[in-house]
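Here's the letter readout for the chains.
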Amino acid sequence: MTDVDNGVLHTLFHSDQGGHEQVVLCQDRASGLKAVIAIHNTALGPALGGTRFYPYASEAEAVADALNLARGMSYKNAMAGLDHGGGKAVIIGDPERDKTEELLLAYGRFVASLGGRYVTACDVGTYVADMDVVARECQWTTGRSPSSGGAGDSSVLTAFGVFQGMRASAQHLWGEASLSGRKVGIAGVGKVGHHLVEHLLDEGAEVVITDVREESVRRILDKHPTGVSAVPDTEALIRVEGLDIYAPCALGGALDDDTVPVLTAKVVCGAANNQLAHPGVEKDLADRGILYAPDYVVNAGGVIQVADELHGFDFERCRAKAAKIFDTTLAIFARAKEDGIPPAAAADRIAEQRMHEAAAGNR
């Protein structure tokens, strides 16, 4: 337990990255379920965030990821203007091998035991069909299929929101919101990335893609024989000559001490969560003159969709809310310039102010 005590528990109780209200460790030996549910902040309302199913190297790593993701959801939901706090769950295991109906039902029972303090949805390794199973045991489940009363695939509006963030970045940096003629590199063309490709091509952008799954790249290239090219990996993508925008759309930590110095893009705006590998990377980006659109702001389209599902889903209403990511992103850039800080810090300040005001009002 030493590593956990010195790492995860220190983060939870003593660091600036902690302050979580509740962390639940879940186990059902009959199904093989091992899961972590982290609730960071409920000042704005019940915690809302997806369920990640991933083969973590250790239980401590899984807990740490849940803590980081839950905290990120507090900020995301606050900046999206939602009446929800931040939470996240992770299921430890290989979704291709370990995911079963029995396991998902057991997980649903654990979420239900929280009585609505945490509302779950899809994330990496979980899909609409999985949420339909979870919902059989838990009413606080979103991201379900339309046939089960849900909104379906939230990646559609996630991609739309990222696209709006790109347009805002272009407006701020180049004086016009159009992406026509811009070269955009997308790392990860799975759930969200392949929708983002469509928006960019419709806008007249040139798109360069990469993905660890060859079939995902092939699907895009077969559909779009012109306008899209591919490179072998992310290392090649971040070095593409003439790249205007880099869009990390896979797992987090995409921006680190090795990546930032060689990045050719003038803008970073993507769908991945927790893109900054550690504190200070946002300053490194700013020092190189690279405009960073905070990930949790621009990728909020999906959470806007699943939150709306709780009140009777209306796609056009959600799309209109997601379109406001354009204005929110511009406001963050303006606040960053006014305060003389990187955009990521400006977004944090705005989100923290909303959470603080809500907490004060609840006292």
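Before reading on, note that the structure itself is shown above.
Residues numbered from 1 in each chain as written. Predicted model: local features only at pLDDT ≥ 70, side-chain atom pairs only at ≥ 80, totals over all residues. Heavy atoms only, no water.

(A) Region of interest: the side chain of glutamate 309. With respect to the helices and strands, the residue glutamate 309 is situated in helix H13 (residues 301-309). Judged by relative accessible area, which is 4%, glutamate 309 ranks as buried. A distance of 3.0 Å separates a polar atom in the side chain of glutamate 309 from a polar atom in the side chain of arginine 144. Not counting residues within four places of it along the chain, the set of residues in contact with glutamate 309 comprises Thr141, Thr142, Gly143, Arg144, Gly149, Gly150 and Ala151. (Helix = DSSP H or I, 4+ residues; strand = E, 2+ residues; numbered from the N terminus. Buried < 20%, exposed > 50% of the residue type's maximum accessible area, 1.4 Å probe, protein only. Polar contact = N/O pair within 3.5 Å; in protein donor to acceptor, adjacent residues only side chain to side chain. Contact = heavy atoms within 4.5 Å.)

(B) Structural context of the packing of aromatic side chains. Per the stated rule, a full pass over the model turns up three aromatic pairs. Each ring, one from tyrosine 54 and one from tyrosine 56, has its centre 5.1 Å from the other, and the planes form 70°; the classification is edge-to-face. With relative accessibility at 29%, the residue tyrosine 54 sits in the partly exposed group. What makes tyrosine 56 buried here is its relative accessible area of 9%. Plain terms: the ring middles of phenylalanine 313 and phenylalanine 315 are 6.4 Å apart, the flat faces sit at 70° to each other, and that makes the pair edge-to-face. Residue classification places phenylalanine 315 among the partly exposed residues on the basis of a relative accessible area of 33%. It is arginine 319 that lies over the ring of phenylalanine 160; its NZ or CZ is 4.1 Å from the centre. (Phe/Tyr/Trp six-rings, centres within 6.5 Å; stacked < 30°, edge-to-face > 60°. Lys NZ or Arg CZ within 6 Å of the ring centre and 35° of its normal.)

(C) Highlighting the packing of helix H7 (residues 155-174) against helix H14 (residues 315-323). Two numbers describe how H7 lies on H14: the axes approach to 9 Å, and their chain directions differ by 30°. Considering their axes alone, H7 and H14 lie roughly parallel with respect to each other. In the packing of H7 onto H14, the handedness of the crossing is right-handed. Within the contact between the two elements, H7 uses Val156, Leu157, Phe160, Gly161 and Gln164 and H14 uses Phe315, Cys318, Arg319, Ala322 and Ala323. Here the contact of H7 with H14 is composed, by residue class, of seven nonpolar, two polar and one charged. (Axes fitted to C-alpha atoms, helices over the stretch in contact; angles between N-to-C directions. Parallel < 35°, antiparallel > 145°, perpendicular 65-115°, else oblique. Left-handed = near helix turned anticlockwise from the far one by under 90°. Nonpolar A, V, L, I, M, F, W, Y, C, P; charged D, E, K, R; others polar.)

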